[in-house]
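Overview (structure and organization)
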Amino acid sequence: MNYDIDDKVAVVTGGSSGIGLATVELLLGEGARVAFCGRDRERLASAESELRAAYPAADLLALPCDVLDPAAVANFAAEVTGRFGRVDMLVNNAGQGRVSTFADTADDAWRQELELKFFGVIHPTRAFLPHLERAAPASVVCVNSLLALQPEPHMVATSAARAGLLNLVRSMAVEFAPKGIRVNSILLGMVESGQWRRRYRDQAAEGQSWEDWSANLARDKHIPLGRLGRPREPAHAIVFLASPLASYTTGSHIDISGGLARHV
Ligand code: NDP
């Protein structure tokens, strides 16, 4: 695949696991220079050494940063631009979902979820915007969920916050278009990742394999393609939207849900 991003600089938040890690890998494989962040230093270091083993010549920067801490994000942006001198693509991926119904979601949980879904995008976008503008044509891709269009009552706060993010992407796309920056998102169904591995550890029956547990999940959720997605699958959509191949696409989204979307 040639995404025409050789030597471009990409930033991926939450690049130490799951979809973010697969995106960093794909970007490196396509010749991009990549910076990524996460909070947990051990997870960050293990992702970095895995990537360096696979891509020994890679120009790669892995730094601890909580996207909810604006000072840490500003520092991350300064380190990235100090190292690479420019930023062409920002992937806002960091985060996780919250499983709770309206009845069992307290105010604090609502606030935390709204903060994560909004400020997890607002802080990095604000910090990298001047650099993206200088590098234009440039791009932002936000990792969102199908819940934005198809809410689930057992993930009430995540669904509502995801709908807000979809709306925000549209506004940013219009505001940033004159600066030469495109803004798009992907809407995920269920994709194998650290999040799902943690749910498997908590919920699986004694001795039940991941393969058996995840196949049951796909069946219970009636996923038409009959399985969970693999991290590389959304990564391809992210890199496509970030790349010059999507040069006439902004304010848009790609569905990566294995057919789970029921709306027309
Ligand atoms: P993972 O748990 O595998 O990866 C999440 C990544 O984000 C990790 O690198 C994690 O590192 C990082 N992260 C989480 N919170 C923060 C934070 N505050 N600051 C910086 N980094 C952070 O999960 P996924 O790959 O599944 O998740 C990626 C994105 O996709 C998330 O936004 C998630 O909500 C979304 N999504 C995923 C779906 C799925 O089925 N997998 C479905 C719908 C949406 P650390 O914890 O060390 O900070």
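Residues numbered from 1 in each chain as written. Predicted model: local features only at pLDDT ≥ 70, side-chain atom pairs only at ≥ 80, totals over all residues. Heavy atoms only, no water.

**A short note on the site of the ligand**
Near the ligand, the surroundings consist of 29 residues, among which Ser-16, Ser-17, Arg-39, Arg-43 and Ser-193 are the closest. Measuring from an oxygen atom of the ligand, one finds a backbone N or O atom of Gly-14 at 3.3 Å. One nitrogen or oxygen atom from the side chain of Gln-195 is found 3.0 Å from an oxygen atom belonging to the ligand. Protein contact buries 95% of the 880 Å² of open area that the ligand shows by itself. Broken down by secondary-structure element, the contributors of at least two residues to the shell around the ligand are helix H1 (18-29), strand S5 (138-145) and helix H6 (194-203). Counting residues per element, the shell around the ligand draws most heavily on H6, at four residues. (Near = heavy atom within 4 Å. Polar contact = N/O pair within 3.5 Å; in protein donor to acceptor, adjacent residues only side chain to side chain. Areas by Shrake-Rupley, 256 points an atom, 1.4 Å probe, with all protein chains shown as cover. Helix = DSSP H or I, 4+ residues; strand = E, 2+ residues; numbered from the N terminus.)

**Here's the deal with the sheet that holds strand S1 (residues 9-13)**
The pairing of strands in a sheet comes from backbone hydrogen bonds and takes either a parallel or an antiparallel form. Strand order in the open sheet made by the seven strands is S3-S2-S1-S4-S5-S6-S7, with parallel pairing throughout. Each of the sheet's edge strands pairs with one partner strand only, and the pair in question is strand S3 (60-64) and strand S7 (253-256). Neighbour-to-neighbour, the strand axes of the sheet open up by a mean angle of 15°, direction not taken into account. Bridge count between strand S2 (residues 33-38) and S3: five bridges; the pairing is parallel. (Pairing = 2+ DSSP bridges. Axes fitted to C-alpha atoms, helices over the stretch in contact; angles between N-to-C directions.)

**Quick look at a positive patch on the surface**
A contiguous patch of positive charge, built from Arg-39, Arg-43, Arg-197, Arg-198 and Arg-201, is present on the exposed surface. Looking at the positive patch, the element that brings in the most residues is H6, giving three residues. Relative to the helices and strands, Arg-198 is located in helix H6. Taking the relative accessible area as the measure of exposure, Arg-198 reaches 32% and is therefore partly exposed. (Patch = residues over 30% accessible without salt bridge, like charges linked within 9 Å, V, L, I, M, F, W, Y side chains within 5 Å. Salt bridge = Lys/Arg side-chain N within 4 Å of Asp/Glu carboxyl O. Lys, Arg positive; Asp, Glu negative; His and termini not counted. Charge placed at Lys NZ, Arg CZ, Asp CG, Glu CD. Buried < 20%, exposed > 50% of the residue type's maximum accessible area, 1.4 Å probe, protein only.)

**As for the nonpolar core**
In terms of nonpolar packing, the biggest core is built from 35 residues, with Val-24, Leu-27, Val-34, Phe-36, Leu-60 and Ile-186 touching the most fellow members. Among the elements that make up this core, the one with the highest residue count is H1 (seven residues). Setting aside residues up to four positions removed in sequence, Ile-186 forms contacts with Cys-142, Val-143, Asn-144, Ser-145, Pro-234, Ala-237, Ile-238, Leu-241, Ile-254 and Ile-256. Counting 30 residues, the second largest nonpolar core, distinct from the first, contains Ala-35, Val-73, Phe-84 and Ala-127. (Core = buried A, V, L, I, M, F, W, Y, C linked by side-chain atoms within 4.5 Å. Contact = heavy atoms within 4.5 Å.)

**Some words on the packing of H1 against helix H8 (residues 232-242)**
Interhelical geometry of H1 versus H8 gives an angle of 55° and a closest axis separation of 8 Å. Classified by the interaxial angle, the pair formed by H1 and H8 is oblique. By crossing handedness, the relation of H1 to H8 is classed as right-handed. Taken together, the residues of H8 that come into contact with H1 (itself represented by Ile-19, Ala-22, Thr-23, Glu-25, Leu-26 and Leu-27) are Arg-232, Pro-234, Ala-235, His-236, Ile-238 and Val-239. Looking at the contact of H1 with H8 residue by residue, the classes come out as eight nonpolar, two polar and two charged. (Parallel < 35°, antiparallel > 145°, perpendicular 65-115°, else oblique. Left-handed = near helix turned anticlockwise from the far one by under 90°. Nonpolar A, V, L, I, M, F, W, Y, C, P; charged D, E, K, R; others polar.)

**Digging into the pairing of strand S6 (residues 181-188)**
Two faces belong to every sheet, and in a regular strand the side chains alternate between them. For S6, a buried count of eight out of eight residues is recorded, marking the element as mostly surrounded by other parts of the structure. With burial as the criterion, each face of S6 is covered, one bearing Ile-181, Val-183, Ser-185 and Leu-187 and the other bearing Arg-182, Asn-184, Ile-186 and Leu-188. Taken together, S5, helix H5 (residues 156-176) and S6 form a β-α-β motif whose crossover is right-handed. (Right-handed = clockwise from strand over helix to strand, strands pointing away.)

**A closer look at the environment of Pro-56**
As for its placement among the helices and strands, Pro-56 is situated in the loop between helix H2 (41-54) and S3. A sequence separation of 19 residues divides Pro-56 from Cys-37, and the C-alpha atoms of the two residues are 19 Å apart.

**Thoughts on the domain arrangement of the chain**
According to the domain assignment, the chain consists of domain 1 (9-191 + 230-256) and domain 2 (193-228). Placing a centre on the C-alpha atoms of domain 1 and another on those of domain 2 gives a separation of 25 Å. Each partner contributes to the interface: domain 1 provides 11 residues, whereas domain 2 provides 11 residues. Of the roughly 950 Å² buried at the junction of domain 1 and domain 2 (both faces included), carbon and sulfur atoms supply 51%. (Domains from an automatic or database assignment. Buried area = accessible area lost by both parts, 1.4 Å probe.)

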